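Architecture at a glance
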Amino acid sequence: RQWAIQLAQERAEQARAHRAYDDEPPETRQLERSRWLGLQVRSLLALVVVAEEGSFVQAARRLGYSRSTISHQIAQLEAAIGASLLVRGSGSRSVIVTPAGKVVVAHGRAVLKLLDNAEAQVAELARRDRGRRPLPALWDAVVAPRPVEG
């Protein structure tokens, strides 16, 4: 019951967001041509974890990547966005999140949460569908009836 209430609330929010987007004139819909579409979720995850851990080394340990992989992902993200997201500390290996980085981290967390929710909902649908048996023979008869011999 609680799951159904949460799902209904999420769908209502999505519908409101979709209506707001549809009301905009086409020239304001820039996302289709945005350089942000090339971002990788893995890079967003790396940024969020670096911000949480305060260190490339700790983020690499947490994610099971090398420090250079984390650094490369952050550099790709900064290049795609066109802004510096982190200030690397000197010697202490600590990092400071820039104001632009704080914006991207907040939205990155939201994107990751949406993906977690999508994964959970798809898994729930798959779990429900396991108990159902499709009727391919009935569907085949409707789509492609066989001629009656006589």
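Quick summary incoming for the structure in this document.

Rules behind the numbers
- Residues numbered from 1 in each chain as written.
- Predicted model: local features only at pLDDT ≥ 70, side-chain atom pairs only at ≥ 80, totals over all residues.
- Heavy atoms only, no water.
- Helix = DSSP H or I, 4+ residues; strand = E, 2+ residues; numbered from the N terminus.
- Buried < 20%, exposed > 50% of the residue type's maximum accessible area, 1.4 Å probe, protein only.
- Polar contact = N/O pair within 3.5 Å; in protein donor to acceptor, adjacent residues only side chain to side chain.
- Contact = heavy atoms within 4.5 Å.
- Axes fitted to C-alpha atoms, helices over the stretch in contact; angles between N-to-C directions.
- Parallel < 35°, antiparallel > 145°, perpendicular 65-115°, else oblique.
- Nonpolar A, V, L, I, M, F, W, Y, C, P; charged D, E, K, R; others polar.

A few words on the side chain of Thr-98. Inspection of the secondary structure assignment puts Thr-98 in the loop between β2 (95-97) and α5 (99-129). Judged by relative accessible area, Thr-98 falls into the buried class, the value being 12%. Separated by 3.0 Å, the side chain of Thr-98 and the backbone nitrogen of Gly-101 make a polar contact. In this view, Thr-98 contacts Ser-84, Leu-85, Leu-86 and Val-87; residues no more than four positions away in its chain are not counted.

Okay, the packing of helix α3 (residues 56-63) against helix α4 (residues 67-81) next. Packed helices, taken two at a time, are described by the angle between their axes plus the distance between the axes. Their axes nearest at 8 Å, the elements α3 and α4 cross at an angle of 105°. Compared by their axis directions, α3 and α4 come out roughly perpendicular. Seen from α3, the contacting residues are Phe-56, Val-57, Ala-59, Ala-60 and Leu-63; seen from α4, they are Arg-67, Ile-70, Ser-71 and Ile-74. A class-by-class count of the residues in the contact of α3 with α4 yields 7 nonpolar, 1 polar and 1 charged.

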